[in-house]
Amino acid sequence: MKIVVTGGAGFIGSNVVRALVEMPEVTEIIAVDDLSTGTLENLVDLPSRFLSGTILDAGLLDEALAGAASVIHLAAVPSVPRSIDDPVRSHQANATGTLMVLEAARRHRVSQVLLASSSSVYGANPALPKREALRPMPLSPYAVSKLATEAYALAYSSCYGMAVLPFRFFNVFGPGQAADHAYAAVVPAFVSAALDGRPLRIFGDGRQTRDFTYVGSVSSVIVEAVRRRVSARDAVNLAFGTRVSLLDLVAELEAVLGHPVDVVHEASRSGDVRDSQADCTRLRELFPTVRPQPLRVGLEATVGWMSARVPAGR
Ligand code: NAD
C-alpha cells in the first residue's frame, strides 16, 4: 500500500511518516513538502521518498499520487498570526492547495483522503465542549482557510463519492515541533524558553484553555484510519476532551522540569479564541481503541527531544 503525506517534512507530517513506517501493510511512503516551515531533518532515517515542491503544482502531485491508496493531506501554512500577516498566502496554500490535492486524488482514483482542519473553525462560537455540529464562526483568515479545507473535502465526497476524513486538530504538540520562529505554538515556545532560562510569554491572563493533544495520539488515530479505511461524512474532532489553562500548562512543565519558571504576561492577540475543548464522542465512536497519551507524558517527551537539540552550555 502506497501512502502520500503532504506536509510530510512538517511537525505532524513527520510524526505520521514515522508511525506509517511501522505499518506492515505500507510498502511505500511519499512525503511532499515545499519546506516553507518543515525541514528535512524531521525525515532523517525514515524510509520514505521525499518530493520537494508545492502542492499548488499539479505535475508534482501527479508524480506523488499515482498508485496511492491514501493521501494524508497536512501541508498548509499553519498558525493564526501568520494568516493575519499574510491572508492571501494562507488561502493559496490551505484552501487552493487542498483543492489541488483533492483534484489530484480524483484524477488518480485515490480511495481515501485524510485532511487536517482545525479547532479554530469554531472561533467565536462560545459553546463548550466543541461539538462538530456547532456553527463555525472563524475569527481569522487561517480558520476560514481550514473551513474551506474540510468543506472542499466533503463536497468531493458528495459530488464524486470520494472517501474523505477531515479531522479538526486541536493544539497538537510533541517532538519535531519548531520553536525557533515568531509564530511558534505555545508548547514549544514554553519548553524552549524554559530550557533557555528565559521567561515564558503568556498573551493575556493565562486562564485561556486549550485541549492539548500529544502528536503520538494524533498519529495513532491517523494510522488506524488508514489501516481500517475509515471515512466520514462530516469533520471529526481529533482531540480527547481535556481543558488545560496556560497557567496549568506552566505548572505541568515546572513539574516535568523539577524547578519553577518565570512568566511574563503580554497583551492578548487578535484572532485567538478564549477556550477550546473538544467533544470527542464522534472520535471515540470511530476509533474506540485509541488511548491518548496524558499531557505529562507528552511534555516529558517534548522536553526530552528539545533538550537533546539545545546546544551544550546554553
Ligand atoms: P508544520 O508547519 O510543521 O507543517 C506544515 C507543513 O506543510 C510544513 O512542512 C510546510 O513546509 C508544508 N507546506 C506549507 N505550504 C506548503 C505547500 N504549498 N506545498 C507543500 N508543502 C507545504 O505544521 P503542523 O503543526 O505539522 O501542521 C500540519 C497540519 O495540521 C496543517 O494543515 C495545520 O493547519 C494543521 N493543524 C495543526 C495544528 C497544531 O496544533 N499543530 C492544529 C490544527 C491544525
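Okay, the side chain of Lys130 next. Among the structural elements, Lys130 can be located in the loop between strand 5 (112-118) and helix 5 (141-160). Buried charge without a salt bridge: Lys130, with Asp275 as the nearest opposite-charge side chain at an N-O distance of 7.5 Å. Each residue touching Lys130, except ones within four places of it in the same chain, is listed here: Tyr122, Asn125, Phe170, Asn237, Asp275, Gln277, Ala278 and Asp279.

Near the ligand lie 27 residues; those nearest to it are Phe11, Asp33, Thr37, Tyr142 and Lys146. The contact in question runs from an oxygen atom of the ligand to an N or O atom on the side chain of Lys146, over 2.8 Å. Out of a free accessible area of 820 Å², the ligand has 92% covered by protein chains. Of all the secondary-structure elements, those providing two or more residues to the shell around the ligand are helix 1 (11-21), strand 5, helix 5 and strand 7 (171-173). Counting residues per element, the shell around the ligand draws most heavily on strand 5, which supplies three residues. Partitioned by chemical class, the residues of the shell around the ligand number 14 nonpolar, 10 polar and three charged.

Below, the discussion takes up the sheet that holds strand 1 (residues 2-6). The seven strands are arranged 3-2-1-4-5-6-11 in an open sheet whose pairing can be described as parallel. For this open sheet the edge positions go to strand 3 (49-52) and strand 11 (236-238), each flanked by a neighbour on one side alone. Each strand of the sheet is rotated relative to its neighbour by a mean of 25°, with strand direction disregarded. Sheet topology places strand 4 (residues 70-73) next to strand 5; four bridges connect them, and they run parallel. The partner of Ile72 across the bridge, within strand 5, is Leu114.

Next up on the list: the pairing of strand 1. Counting buried positions over the five residues of strand 1 gives five, a clear majority of the element. Alternating residues of strand 1 divide into Lys2, Val4 and Thr6 and Ile3 and Val5, and every residue in both groups is buried. Looking at chain direction, strand 1 and strand 2 (residues 28-33) are connected through five bridges and run parallel. Bridging from a neighbouring strand, Lys2 pairs with Glu28 of strand 2. Traced from strand 1 through helix 1 to strand 2, the parallel crossover comes out right-handed. In terms of strand pairing, strand 1 meets strand 4 through four bridges, oriented parallel. Residue pairing across strands places Val4 opposite Val71, the latter belonging to strand 4.

Position of Arg168 relative to the elements: it lies in strand 6 (residues 164-169). Within the local environment of Arg168, its side chain forms a polar contact with the side chain of Glu150, the two groups lying 2.5 Å apart. With sequence-adjacent residues up to four places away left out, Arg168 is seen in contact with Ser117, Ser118, Ser119, Val121, Tyr122, Glu132, Glu150, Ala235, Val236, Asn237 and Leu238.

A complete count under the given rule lists one cavity of 30 Å³ or more for this structure. In this structure, the largest cavity spans a volume of roughly 30 Å³. Taken together, the residues of the lining of the largest cavity sort by class into two nonpolar, three polar and two charged. Looking at which domains feed residues into the lining of the largest cavity, each of domain 1 (2-172 + 215-238) and domain 2 (174-210 + 242-276 + 294-307) supplies at least three.

Most of strand 5 is tucked away: seven of the seven residues are buried. Across six bridges, the pairing between strand 5 and strand 6 is parallel. Across the sheet, Ser118 pairs through a bridge with Phe169, a residue of strand 6. One crossover worth recording links strand 5 to the parallel strand 6 by way of helix 5, and it is right-handed.

Basis of the calculations
Residues numbered from 1 in each chain as written. Predicted model: local features only at pLDDT ≥ 70, side-chain atom pairs only at ≥ 80, totals over all residues. Heavy atoms only, no water. Helix = DSSP H or I, 4+ residues; strand = E, 2+ residues; numbered from the N terminus. Buried < 20%, exposed > 50% of the residue type's maximum accessible area, 1.4 Å probe, protein only. Lys, Arg positive; Asp, Glu negative; His and termini not counted. Salt bridge = Lys/Arg side-chain N within 4 Å of Asp/Glu carboxyl O. Contact = heavy atoms within 4.5 Å. Near = heavy atom within 4 Å. Polar contact = N/O pair within 3.5 Å; in protein donor to acceptor, adjacent residues only side chain to side chain. Areas by Shrake-Rupley, 256 points an atom, 1.4 Å probe, with all protein chains shown as cover. Nonpolar A, V, L, I, M, F, W, Y, C, P; charged D, E, K, R; others polar. Pairing = 2+ DSSP bridges. Axes fitted to C-alpha atoms, helices over the stretch in contact; angles between N-to-C directions. Right-handed = clockwise from strand over helix to strand, strands pointing away. 1 Å grid on protein atoms, 1.4 Å probe; cavity = no way out; pocket = protein on both sides within 12 Å on 5 of 7 lines; lining within 4 Å. Points joined across faces, edges and corners; volume = space filled by probe spheres on them. Domains from an automatic or database assignment.

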